[in-house]
Amino acid sequence: MRRLLFLLTACAAAGRVSAQQPTKPDTLHQHSDTLTRSPVKLKEVTVTATPARHEDPVFSTTIDQAAIERVPATDPWDLLRQAGGIEVHEQGQGPGFASDASIRGFSSDHSTDIALWVDGVPINEPVNGHAEGYNDWNVLFPEAVRDIEVIRGPSSAQFGNFAFAGAVNVHTFERFDGSSLWLNGGSYGRLEGGFITGRDDERTGATLAIRGVRDGGWRPHAGWDLGQLHARLVRTVSSTTTVDAGLELYSTGWESPGFLSVSQFDAGNFDVVSNPTDGGFKRRAQERVSVRTVAAPNLLLRSTVYATQGRWQLFLTIPPEPGAGEGTGSQTEEEDKRYGFGATTALSWALNRAEVTVGAEGRFDHADYQNWLTVARQRTAPQTLVSARQLSGGLFLQSSLDVTPHFRLNLGGRVDGLGTRSSPVGDVTSSDTKTIATPKLGALYHFPRFGAVYVNVARGFRQADGVITDPTTPFITSWAYEAGLKLDLARVSGNVALFQTNVSNEQTFDPITLQTTNGGRSRRRGVEIELAVRPVPAVQVSADWTITDAKYLDFITPDGDDLSGTPVFNTAKYVGVTSVEVAPPGGIWHLRASGNTVGPYTPFDEPGVSVPAYVLFHLGGDVRVGPATFELGLRNVLDKAYPEIRAGGFVAPGQPRTLYAGLRYDAKGRKT
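Quantities reported herein were computed from a predicted structural model and do not represent experimental measurements.

1. Side note on the sheet that holds strand β1 (residues 60-64)
Now for step 1: The sheet built from 5 strands is open, its strands ordered β1-β6-β7-β4-β5 with mixed pairing. The open sheet has two edge strands, β1 and β5 (121-122), and neither has a second partner.
Now for step 2: Bridging between strand β4 (residues 114-118) and β5 involves 2 bridges; their strand directions are antiparallel. Bridged to V118 within β5 is V121.
Now for step 3: Here helix α3 (residues 76-84) sits on the sheet in contact with β1 and β6 (145-152), set at roughly 70 degrees to β6.

This is the structure:
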């Protein structure tokens, strides 16, 4: 308890920026002869975690704004799947019902194994009765996003809880000068419209964006609406200090067609609706203020304070499963009301041959969660009624030392403490406090005009499901090992890495029946490949692939089934995206063809079953006429029938061939 109080006291005055040394984004080739660094500059006012640099010993992928605009994606999960090569299993129940993104073989129910940050604000929801760390990516406003960085593995000390498999770090435009308007339409009654406008002068940058979407859904009773607002204000108050404030709002409502049985899916009977009263809504808001100060030519201080509010309610008919509660075949209502606030501060020194960042963060979250058995949205019996709060704090260190002009050593780590209090309705209140240390170590040797080799070792953790009712539930922990080769040639750039992650207190969660199993050990190992090849200036061929061998080493289910030696549920043997882009330099048109591949995997609660591999092909293109750009995209060109997710004999089917068309009008000077 004393250790936690120490952490929280240290964090009480902190603000979260996940914020380190400002850096330049990676390019296709860098060709530096040494690892020489640049001094601190105030030019860019990024108050979030800085993207990993090409010369750091980590595997990271950056998705730029051009890729975000050109991918014919249905939502943020599909965007990351098509542009970032992440394994995705969409839940198919509505945009507020978070889907499953997976990195390096972690099934990430509701993306809980991945830490998501938007402009320095954490999105994962602690003390969530549906899934601890529930991660709703719909807060992303695509047209306002400057870039998305995907960090593989728990190698970064900037991210703590939930960065178990890695982190997704999103930066919106700091400054936007001009305006853009867009109107898009597509198959199944999809219509989207919005605008983003901004003003950027010598001292002040302001951005405002509004977006609305209506989608009829490709299955019966699958329509949804979404409204979104993004605002950002950057103000230079002196030659050394800048203040940055941001606001994100989004609201969505949806109908749910429910899940299909395997036999219905195999027969192509996709028009089945489990319960015409299923559906839900979600509202989320977050506010942020950040301050950046250059205290000296080599000293940078960044701090952020933020607040979040949210409410969601859903009605979903759960397929039958032996046992009581979830999985009885009846409709279930879940409602979550929450609020929270937090802060982070980080101080960075840029020395001649070293960089050091020390920081602290604190966070408070309060949630009221209710789970009921219902009939046509009428409550019949309570299952879980609980309120909970969690106070967390962390200290982190990130440092790098250029031992020689070509050899870099990174050393860092975190100490985190979490205190959780659970108050079930009509029952005894319980609480618990726990702490954990997660060291990080990496080394890189740079070869001039070729690339680099690197290794890293890191410990990761996340709070397991169930802590909202049982605060003593232990952390899931891991040790991750990685060795890689970074290529930086005239026409080829990329990264090839071997990885292995050993997990203790493994947890598996069935996303359809909502059953959780804890305990045991598992292991993920494999190879990750990211390549970009430009044979001629007008053509770029890209690939991002992960090949994974994921096995339970020692795992017994509550029913006594021994899963030791069997594949980890919902983890594909291989997953990847390959794309070809054609864009003549100075031309007015662009074409993109890509394919997503998902290898065979074992569904949740179906040991011995293997879902066959499948490939989805996509086409997209645009042509610019003055300030107007006409866009056309086709997702799932071959109309492949595939399961987005399968568990316990039930399926959420994937979206068939879908056409998108749009018009964007740009009247802008610059955006950064």
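2. Points about the environment of T380
Now for step 1: As for its placement among the helices and strands, T380 is situated in strand β18 (residues 378-404).
Now for step 2: Sequence-wise, T380 and T332 are 48 residues apart; in three dimensions their C-alpha atoms are separated by 9.8 Å.
Now for step 3: Residues contacting T380, with those up to four places away along its chain left out, are L373, T374 and V375.

3. Some thoughts on unusual backbone geometry
Now for step 1: Unusually for a residue other than glycine, D119 sits at a positive phi of about 50 degrees.
Now for step 2: Here D119 shows up in the loop between β4 and β5.
Now for step 3: Taking relative accessible area as the criterion, D119 reaches 3% and is therefore assigned buried.
Now for step 4: Located in the positive-phi region is A376, a residue other than glycine, with phi close to 50 degrees.
Now for step 5: Examined against the element boundaries, A376 turns out to sit in the loop between β17 (354-375) and β18.
Now for step 6: On the basis of relative accessible area, A376 is assigned to the partly exposed category, the value being 42%.

4. Here we look at the side chain of N275
Now for step 1: Note that N275 resides in the loop between α4 (262-266) and β14 (279-296).
Now for step 2: Looking at N275, its side chain comes within polar contact range of the side chain of T277, at 2.7 Å.
Now for step 3: The contacts of N275, once residues within four sequence positions are left out, are H221, S256, T317 and Q331.

5. Some thoughts on the pattern of salt bridges
Now for step 1: For the structure shown, the criterion picks out 41 salt bridges.
Now for step 2: In this structure, R81 and E90 form a salt bridge, with 3.8 Å as the shortest nitrogen-oxygen distance. Of the two residues examined, R81 and E90, each falls in the buried class.
Now for step 3: Here R414 makes a salt bridge to D416, at a shortest N to O gap of 2.8 Å.
Now for step 4: Members of the salt-bridge network, linked through shared partners, are E125, D136, K282, R284, D336 and R338.

6. Here we look at the side chain of N124
Now for step 1: In this structure, N124 sits in the loop between β5 and β6.
Now for step 2: At 3.0 Å, the side chain of N124 forms a polar contact with the backbone oxygen of I114.
Now for step 3: At 3.0 Å, the side chain of N124 forms a polar contact with the backbone nitrogen of L116.
Now for step 4: Residues within four places of N124 in sequence aside, it is in contact with S111, T112, I114, A115, L116, G133, Y134, N135, F162 and R363.

7. Details of α3
Now for step 1: Among the 9 residues that make up α3, 9 are buried, leaving the element largely enclosed by the rest of the structure.
Now for step 2: What α3 keeps buried is the set P76, W77, D78, L79, L80, R81, Q82, A83 and G84.
Now for step 3: Between the side-chain oxygen at the start of α3 and the backbone nitrogen of W77 there is a gap of 3.1 Å, and the oxygen is on D75.
Now for step 4: Positive phi appears at G85, one or two residues downstream of α3, with a value of about 70 degrees.

8. Description of the nonpolar core
Now for step 1: Counting residues in each nonpolar core, the largest one holds 53 residues, and the members touching the most others are L79, L80, W137, I148, V168 and V170.
Now for step 2: Sequence-distant contacts of V170, that is, excluding residues within four places in its chain, are made with L116, W117, V118, D119, L140, V145, D147 and I148.

9. Topic: the pairing of strand β16 (residues 331-350)
Now for step 1: Summarising burial for β16: 14 of the 20 residues are buried, a large majority.
Now for step 2: Of the strand pairs in this sheet, strand β15 (residues 299-317) and β16 are connected by 19 bridges, and their pairing is antiparallel. Looking across to β16, one finds that T317 is bridged to Q331.
Now for step 3: Taken together, the 20 bridges between β16 and β17 define a ladder with antiparallel strand orientation. Bridged to T345 within β17 is A360.

10. Things to note about the sheet that holds strand β13 (residues 260-261)
Now for step 1: The antiparallel open sheet is built from 3 strands, whose spatial order is β13-β33-β32. Each edge of the open sheet carries a strand with a single partner, namely β13 and β32 (643-647).
Now for step 2: By the bridge criterion, 2 bridges tie β13 to strand β33 (residues 650-653) in an arrangement that is antiparallel. Each bridged residue has a counterpart across the sheet, and for L260 the counterpart in β33 is V651.

11. Things to note about the environment of R146
Now for step 1: Structurally, R146 can be placed in strand β6.
Now for step 2: A relative accessible area of 14% places R146 in the buried class.
Now for step 3: Within polar-contact distance, the side chain of R146 engages the side chain of D147 at 3.0 Å.

12. Quick look at a nonpolar patch on the surface
Now for step 1: A contiguous nonpolar surface patch, about 640 Å² in accessible area, is contributed by L401, V403, L409, L411, L441, V457, W479 and Y481.
Now for step 2: Take W479: it is sitting in strand β22 (residues 475-488).

Rules and cut-offs
- Residues numbered from 1 in each chain as written.
- Predicted model: local features only at pLDDT ≥ 70, side-chain atom pairs only at ≥ 80, totals over all residues.
- Heavy atoms only, no water.
- Pairing = 2+ DSSP bridges.
- Helix = DSSP H or I, 4+ residues; strand = E, 2+ residues; numbered from the N terminus.
- Contact = heavy atoms within 4.5 Å.
- Axes fitted to C-alpha atoms, helices over the stretch in contact; angles between N-to-C directions.
- Buried < 20%, exposed > 50% of the residue type's maximum accessible area, 1.4 Å probe, protein only.
- Polar contact = N/O pair within 3.5 Å; in protein donor to acceptor, adjacent residues only side chain to side chain.
- Salt bridge = Lys/Arg side-chain N within 4 Å of Asp/Glu carboxyl O.
- Core = buried A, V, L, I, M, F, W, Y, C linked by side-chain atoms within 4.5 Å.
- Patch = residues over 30% accessible without salt bridge, like charges linked within 9 Å, V, L, I, M, F, W, Y side chains within 5 Å.
- Areas by Shrake-Rupley, 256 points an atom, 1.4 Å probe, with all protein chains shown as cover.

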